Amino acid sequence: MQLFYNPNIDETTQEFSFDKEESKHIIKVLRKKDSDILHVTNGLGYLFETEITLASDNKCTVKIISVEKAQDPKYRLHLAVAPTKMNDRYEWFLEKATEIGIHEITPIICDRSERKVINMERFEKIILSAMKQSNELYLPKLNEAISFKEFVKRKNEGLQLIAHCEETDKKSLKSVLKPNENVTLLIGPEGDFSEKEIALAIENNFQPVSLGNTRLRTETAAMVACHSVAFFNEISN
């Protein structure tokens, strides 16, 4: 199934048109024509089966034939991950985490962060592309970058975890997870979190966890965490 995206439709919508860029792709590149079927999501768990009523490369119009709603997620995974020095590594994480199943991502700026500015528009495009490619019906939420200090002082539901490399008392990620429980997990920059940041996180009820015995790159640690939480919940349900 090839999936298209339109954030402005819901279960009450009967007909809509794609923008010029998407219309050109549908008609000129994919060579779709009148009466062809397109599958569309609004990123909120809905799958719309539609039929092309006007095959125009300027304004491809469709009518909705049927609507299905995917099951609401039983848990939410929120990864707060420091931007990597090389943008392509963070982009790789965004793409793969979306494919595996993540609900929310926040770039956090830390004491040892080498990159403190992100390209929100590009990151959102990568997430959207990965959602469509993997036939995922929920679009992960990408938040604006925020300081580590500000983030840890916010209230989060469920487990609050911090994965760091310091040789301190830490439990394995697997041992602290519970089925269908929301998880917020912090992943630091290439130089790891500072001791001050770790202490601040613990003061704000974040529990230190280990992702394994080896030292992982930022994007690898984020992927291990994402897959571990998704897999744990899959085998627990």
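Because the structure is predicted, anything quoted here is derived from the model rather than measured.

Caption draft 1: View of the packing of aromatic side chains. A full pass over the atoms with the stated rule returns six aromatic pairs. Their ring planes at 70° and their centres at 5.3 Å tell us that F16 and F18 sit as a pair that is edge-to-face. Judged by relative accessible area, F16 falls into the buried class, the value being 8%. Each residue in the set F4, F16 and F18 is aromatic and connected to the rest through ring pairs, giving one cluster.

Caption draft 2: Structural view of the pairing of strand β10 (residues 159-163). Summarising burial for β10: five of the five residues are buried, a large majority. Both faces of β10 are covered, namely the face carrying L159, L161 and A163 and the face carrying Q160 and I162. Bridge count for β10 against strand β12 (residues 183-187) is five bridges, and the pairing is parallel. Its bridge partner lying in β12, L159 is registered against V183. The pairing of β10 with strand β13 (residues 207-210) spans three bridges and is classified as parallel.

Caption draft 3: Broad picture of helix α6 (residues 195-203). Buried within α6 we find E197, I198, L200 and A201. Buried residues along α6 cover an arc of 165° about the axis, so they all sit on one side. More than 90 degrees from the buried face of α6, the exposed residues found are E195, K196 and E203. Where α6 is buried, its residues meet α4 (148-152), β10 and β12.

Caption draft 4: View of the sheet that holds strand β1 (residues 3-5). Across the sheet, five strands lie side by side as β1-β3-β4-β5-β2; this open sheet has mixed pairing. Looking at strand neighbours, the two that pair on one side only are β1 and β2 (15-17), the edges of this open sheet. Each adjacent strand pair in this sheet contributes to an overall mean axis angle of 45°, direction not counted. In this structure, β2 lies alongside strand β5 (residues 61-69), joined through three bridges in antiparallel fashion. For S17, the partnering residue across the bridge sits in β5 and is T61. On the sheet, helix α3 (residues 120-133) packs against β1 and β3 (37-41) and is oriented at approximately 145° with respect to β1.

Caption draft 5: Structural context of the nonpolar core. L79, F93 and L185 are the most contacted members of the largest nonpolar core, which has 34 residues in total. Looking at this core, the elements with two or more residues in it are β6 (77-81), α2 (87-100), α3, β10, α5 (173-176), β12 and α7 (218-236). If one sorts the elements of this core by residue count, α7 sits on top with eight residues. If we ignore the near neighbours within four places in the chain, the residues touching L185 are H78, L79, A80, L161, L173, V209 and A225. Membership of the second largest hydrophobic core comes to 15 residues, among which are A82, C110, I162 and F206.

Caption draft 6: Molecular detail of the pattern of salt bridges. Evaluated as defined, the whole model comprises twelve salt bridges. Between D57 and K28 there is a salt bridge, with its nearest N and O atoms 3.7 Å apart. Residue D57 is found in the loop between β4 (46-54) and β5, and its partner K28 is found in helix α1 (residues 20-29); the two are separated by 29 residues along the sequence. Of the charged contacts in the structure, one is a salt bridge between E99 and K96, with a shortest N-O distance of 3.8 Å. With E99 and K96 both in helix α2, this residue pair falls three residues apart, about one helical turn. In this structure K96 comes out as partly exposed when scored by relative accessible area, which is 24%. Within the structure, one salt-bridge network assembled from shared partners comprises E95, K96 and E99.

Rules used in this analysis
- Residues numbered from 1 in each chain as written.
- Predicted model: local features only at pLDDT ≥ 70, side-chain atom pairs only at ≥ 80, totals over all residues.
- Heavy atoms only, no water.
- Phe/Tyr/Trp six-rings, centres within 6.5 Å; stacked < 30°, edge-to-face > 60°.
- Buried < 20%, exposed > 50% of the residue type's maximum accessible area, 1.4 Å probe, protein only.
- Helix = DSSP H or I, 4+ residues; strand = E, 2+ residues; numbered from the N terminus.
- Pairing = 2+ DSSP bridges.
- Arc of directions from axis to C-beta.
- Contact = heavy atoms within 4.5 Å.
- Axes fitted to C-alpha atoms, helices over the stretch in contact; angles between N-to-C directions.
- Core = buried A, V, L, I, M, F, W, Y, C linked by side-chain atoms within 4.5 Å.
- Salt bridge = Lys/Arg side-chain N within 4 Å of Asp/Glu carboxyl O.

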